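Topology and contacts: notes
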Amino acid sequence: MLSIKNLHASIEGTPILRGINLEVKAGEVHAIMGPNGSGKSTLASVLAGREEYEVTEGEVLFQGKELLALSPEDRAREGVFLAFQYPIEIPGVSTTNFLRTALNQVREYRGQEPLDAVKFLSLMKEKMALVEIDQKLLSRSLNEGFSGGEKKRNEIFQMAMLNPVLSILDETDSGLDIDALRIVSNGVNKLKSDTTATIVVTHYQRLLDYIVPDFVHVLYKGRIVKSGTKELALELEEKGYDWIKEEVDSTATV
Amino acid sequence: MSKDNQILEDLNSKEYEHGWSVNFETDEAPIGLNEDIIRWISTKKEEPSWLLDWRLKAFKIWQGMTEPTWANVNYLKMDLQALRYYSAPKQSKKAKNINEVDPELIAIYERLGISLNEQKRLQGIAIDVVLDSVSVATTFKETLGKLGIVFCSFSEAVKEHPELIQKYLGSVVPMTDNYYAALNAAVFSDGSFCYIPKGVRCPMELSTYFRINAANTGQFERTLIVADDSSYVSYLEGCTAPQRDENQLHAAVVEIYAGAHAEVKYSTVQNWFPGDKDGKGGIYNFVTKRGICAGDHSKISWTQVETGSAVTWKYPSCILKGDYSIGEFYSVAVTNNYQQADTGTKMIHIGKNTKSRIVSKGISAGKSQNSYRGQVQVMKRAHNARNFSQCDSLLMGNQCGAHTFPYIDIANPSAKVEHEATTSKIGEDQIFYCNQRGIATEDAVALIVNGYAKEVLNQLPMEFAVEAQKLLALTLEGSVG
Ligand SMILES: Nc1ncnc2c1ncn2[C@@H]1O[C@H](COP(=O)(O)OP(=O)(O)OP(=O)(O)O)[C@@H](O)[C@H]1O
Ligand SMILES: [Mg+2]
C-alpha cells in the first residue's frame, strides 16, 4: 500500500530525513519509535504534504500513486490521514462544521454524493460512540480550549469519520488518561481492516499493548536504524535507546 | 451548518459578479453642482418649499466646509463638479404598485437575485429598491399598512407624511454634521422611509436594495427609520454597482430614531464594486449613519458586513440618550487588493445605566488597508455607563495593514469601559490542518474567516448571513497560497 524509498527531506536547508525506506502492506500496523528529534513527526508531515519540508530525494508510492506529486488535500482525499501530535485550533469553527466540509470534499473527490444533514448526523452518532466523545465537544470551536486528551480523542474521532486507508497517529497516546487510552485504542482497532493500514508513532509500550504492531521501527537521525516485531518495543522499553545509538554511531559512515 | 457547506461549494466566480450595467432611458440632471441643480432636483421631485429651503441651507453650509482628511485612507480627490446629481429611470407614469413597474427594471433586480414579485418571495421581506437616484418599487406596502407601518420611498413620504419627515429629518444627523452629510442634505435624491407606530412589532424584515447603474452619477440616498415607543423593526440594506473604470461616489445618510422601549436592528451587507485587482475604479463610500436611543430602555444595533467599495469611510453610531438604553455595533470589514476601509463606531452615553457593545472584526488581504476607528464617550450625567469593545484584526499575507484607533472619553467616574484588541494571521498550520482533512485551501480560508467573523455573522438574519458568508469567501478568493 505504502512504499517509501530512500526518502530525504530537509527544512530550511537542514536535512532531517536522510534515507527512509519503509514498506507498509494493507492490514498491517507499524510502530515508529525513536528518540526526541529523530524525525518521526517530520516523516509524518512529509507524507501528509506539509510544504515547509523540501523533499530532496526519494519517492513514495501510495496505492500505486506518486504520493509526493499530490497536493495535501488530494492525499487526504486518497485516504491518508494524519492524527497530529499537536492539533491546531480553529476559532469559531465547530468540529461538526469542519468535518462536514471535509467529508463532503473527500466524497466529491471520490465521485460520491454529499451527505445530507440527516445522514451526516447519523454517521456522527455512530462514530461518536466508537471513541466515546461528548457531543458538546463537537459543537465547540475546533480544538479551542480543548484539554490535551480531548484534542487527541477528537483527532481519532475525525479519523473515524473520514474512514482513511492509511492512518498515521503521531503520539496520539500522549495526553490521554489511562481510560481514554484504552477507549481510543479500541476505537482505532475497530477501524482497522484488511484494506487499511496504520502507522503509530509513540514513545511508550502501553499504547502498543492495545494497538499491537506487526512491525516496530526505530528512527534515529533521520533513518530507520532498526526494525523488528513487537518484541523490539519491549526491549526498548527495558533498555532505552543508548545501545542502538551506540551501534549506529560506531558504524556510522560519512 | 448545511448552509456553510453549500456556500463553500457555490464558490466559482472570482470577479465581482454584479459588475454589469443596463441601458435604459433615464431622466438626468445636467452635470455639475450649484444652486440651480438643487432647484432642478427639487422641482423634478415636486417638493414642497420647506424641503427646497432645507436643501439650499445645507448647500450653503457645505460650501463653507472642506473635505475631511483625518481618516486613514488615501485617494484621488473627486471632482464634484464633474458628477451628475440626479439620474432616474424614465417611467411613463409613477407606479402605484409593483405590477406597474417597468418590466425592464424588474428584470434588473431579478438578475441581482432580488424578486420584486411578492408572491415569489418565500420569506417575508418587504423591500424598497433604489436605482441610481430614485426608489423604484416598494413591496408588501398593503400588508404593512394594515398595522399602521409606513414603508415607502423617501419622496413619497415627503408627500404623504410631511409631518413625520419635518419632525425627524436631520434630527439625528444634522446637515452641519460633516462634509458628506451636508452634501447629501443638499442633493439627496431618494431613499427609504419607515415608521413603526407605538407598540407594533414589524412582522417582516424591511429591506432597501441600492443599485448604482448610470455612469458618473453620485448616489446620495437618505434613509430615515422611526420606531415609536415599544415598537420593533429589523431593517436590512444591500447594495451593488456596475464595474467601471472611474470611481463613483456614494454618500448616504441613515438616521434612526428609537422611542422608549423600542428596538431597531439595522443590518448592512455592503458590496459596492471594490475596484479591480490593480485598484482601478470602485465606489467611494462615504456614509453617515447614526441612531438615537431617545427613549428609556430603547435599543439600536448596527450590524455591518463590509466587503465592497474602493474606499470606505463609515461610522454607524449610537446616541444613548434614554436611561437604560443600549447601543450595539457588530462589524466585519474585509479589504483585499487595493481597498481601503476606515470604519468603526461612536457610542455616546448620555443617559444613566446605558450600555454599549462593540465587536469589530477586520480582515485585510492583498495590499489593502483596514482601520478600526471607535469612540466611546461617557457624558457627565451618564451614571453607571458600561462599554465593552472587542476589536480583532486578521491579516492575510504581509502586504496589507490593520490599524486600530480607539478613543475613550469619560466624564463620569462610575463608567466601566473595557477594550480588548487582538491581531492574528491566518496560520499556515491552520490551512495545512484543513488540507490534511481534504479541504482545499480556498475553502479552508473561507472556513477560517467565517469562523473568525462568526460572532458578527450570527447577528444577521438568516438569509443575509448566508449571503454575507458567500461574499466574505468571494472577496478573499485567491488571497492565500
Ligand atoms: N522548522 C524547523 N526548523 C529547524 N529545525 C526543525 C524545524 N522543524 C523541525 N526541526 C527539527 O527536525 C528534527 C526532527 O523533528 P521531529 O519533530 O520530526 O522529531 P520527532 O522525532 O517527532 O520528535 P518527538 O519525539 O520529540 O516528537 C528536530 O531536531 C527538530 O528540531
Ligand atoms: Mg514528534
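All values derive from a computational prediction rather than experimental measurement.

Here we come to the site of ligand 1. All names here are of chain A. Contacts to ligand 1 come from 14 residues, most closely from Gly37, Lys40, Ser41, Thr42 and His203. Take Thr42: an N or O atom from its side chain is 2.5 Å from an oxygen atom of ligand 1. For ligand 1, an oxygen atom lies 3.2 Å from a polar atom in the side chain of Glu171. Its free accessible area being 640 Å², ligand 1 has 63% of it covered by the protein chains.

Now for the packing of helix H4 (residues 117-131) of chain A against helix H6 (residues 148-162) of chain A. Residues and elements named next belong to chain A. With their axes 9 Å apart at the nearest point, H4 and H6 run at an angle of 130 degrees to one another. The orientation of H4 with respect to H6, classified from their angle, is oblique. The interaxial crossing formed by H4 with H6 has right-handed handedness. Together, Phe120, Leu123, Met124, Lys127, Met128, Leu130 and Val131 of H4 and Arg153, Ile156, Phe157, Ala160 and Met161 of H6 make up the contact between the two elements. Within the contact of H4 with H6, the residues separate by chemical class into 10 nonpolar, no polar and 2 charged.

This part covers the coordination of the magnesium ion (ligand 2). Residue and element names in this part refer to chain A. Bound to the magnesium ion (ligand 2) on the protein side are Ser41 (OG) and Gln85 (OE1), at distances that span 2.0 to 2.2 Å. With Ser41 in helix H1 (residues 40-48) and Gln85 in the loop between strand S6 (80-83) and strand S7 (90-94), the pair connects residues that are 44 residues apart, well separated along the chain. Take Gln85: its relative accessible area is 16%, and that puts it in the buried class.

Residue and element names in this part refer to chain A. Spatial ordering of the open sheet is given by S6-S9-S10-S3-S11-S12, a layout of 6 strands whose pairing is mixed. Of all the strands in the sheet, just S6 and strand S12 (223-228) have a single pairing partner and so form its edges. Each neighbouring strand pair of the sheet contributes to a mean axis angle of 20 degrees, computed without reference to strand direction. The pairing of strand S9 (residues 166-170) with strand S10 (residues 197-201) spans 5 bridges and is parallel. Bridging from a neighbouring strand, Ser167 pairs with Thr198 of S10. Where helix H9 (residues 230-239) meets the sheet, its contacts fall on strand S3 (29-33), strand S11 (215-220) and S12, and the angle it forms with S11 comes to roughly 50 degrees.

The next point concerns the packing of aromatic side chains. All names here are of chain B. Across all of its chains, the model carries 18 aromatic pairs over all chains by this definition. Relative to Tyr235, the ring of Phe151 lies with its centre 6.2 Å away and its plane at 90 degrees, an arrangement referred to as edge-to-face. One end of the pair, Phe151, is in strand S5 (residues 150-153); the other, Tyr235, is in strand S9 (residues 232-240), with 84 residues separating them in the sequence. This pair shows no difference in class: Phe151 is buried, exactly as Tyr235 is. For the pair Tyr180 and Trp313, a centre-to-centre distance of 4.9 Å together with 75 degrees between the ring planes defines the contact as edge-to-face. Here Tyr180 is found in helix H8 (residues 179-187), whereas its partner Trp313 is found in strand S15 (residues 311-314), with 133 residues between them in sequence. Aromatic ring contacts, followed pair by pair, group Phe59, Trp62, Tyr179, Tyr180, Tyr284, Phe286, Trp313 and Tyr315 into a single cluster. Against the face of Phe405 rests Arg373, its NZ or CZ located 4.6 Å from the ring centre. Stacked on the ring of Tyr433, the Lys or Arg Arg437 has its end atom at 4.8 Å from the ring centre.

What counts, and where the lines are drawn
- Residues numbered from 1 in each chain as written.
- Chains lettered and ligands numbered in written order.
- Predicted model: local features only at pLDDT ≥ 70, side-chain atom pairs only at ≥ 80, totals over all residues.
- Heavy atoms only, no water.
- Near = heavy atom within 4 Å.
- Polar contact = N/O pair within 3.5 Å; in protein donor to acceptor, adjacent residues only side chain to side chain.
- Areas by Shrake-Rupley, 256 points an atom, 1.4 Å probe, with all protein chains shown as cover.
- Axes fitted to C-alpha atoms, helices over the stretch in contact; angles between N-to-C directions.
- Helix = DSSP H or I, 4+ residues; strand = E, 2+ residues; numbered from the N terminus.
- Parallel < 35°, antiparallel > 145°, perpendicular 65-115°, else oblique.
- Left-handed = near helix turned anticlockwise from the far one by under 90°.
- Contact = heavy atoms within 4.5 Å.
- Nonpolar A, V, L, I, M, F, W, Y, C, P; charged D, E, K, R; others polar.
- Donors = N, O, S within 2.8 Å, 3.2 Å for Na, K, Ca; no water.
- Buried < 20%, exposed > 50% of the residue type's maximum accessible area, 1.4 Å probe, protein only.
- Pairing = 2+ DSSP bridges.
- Phe/Tyr/Trp six-rings, centres within 6.5 Å; stacked < 30°, edge-to-face > 60°.
- Lys NZ or Arg CZ within 6 Å of the ring centre and 35° of its normal.

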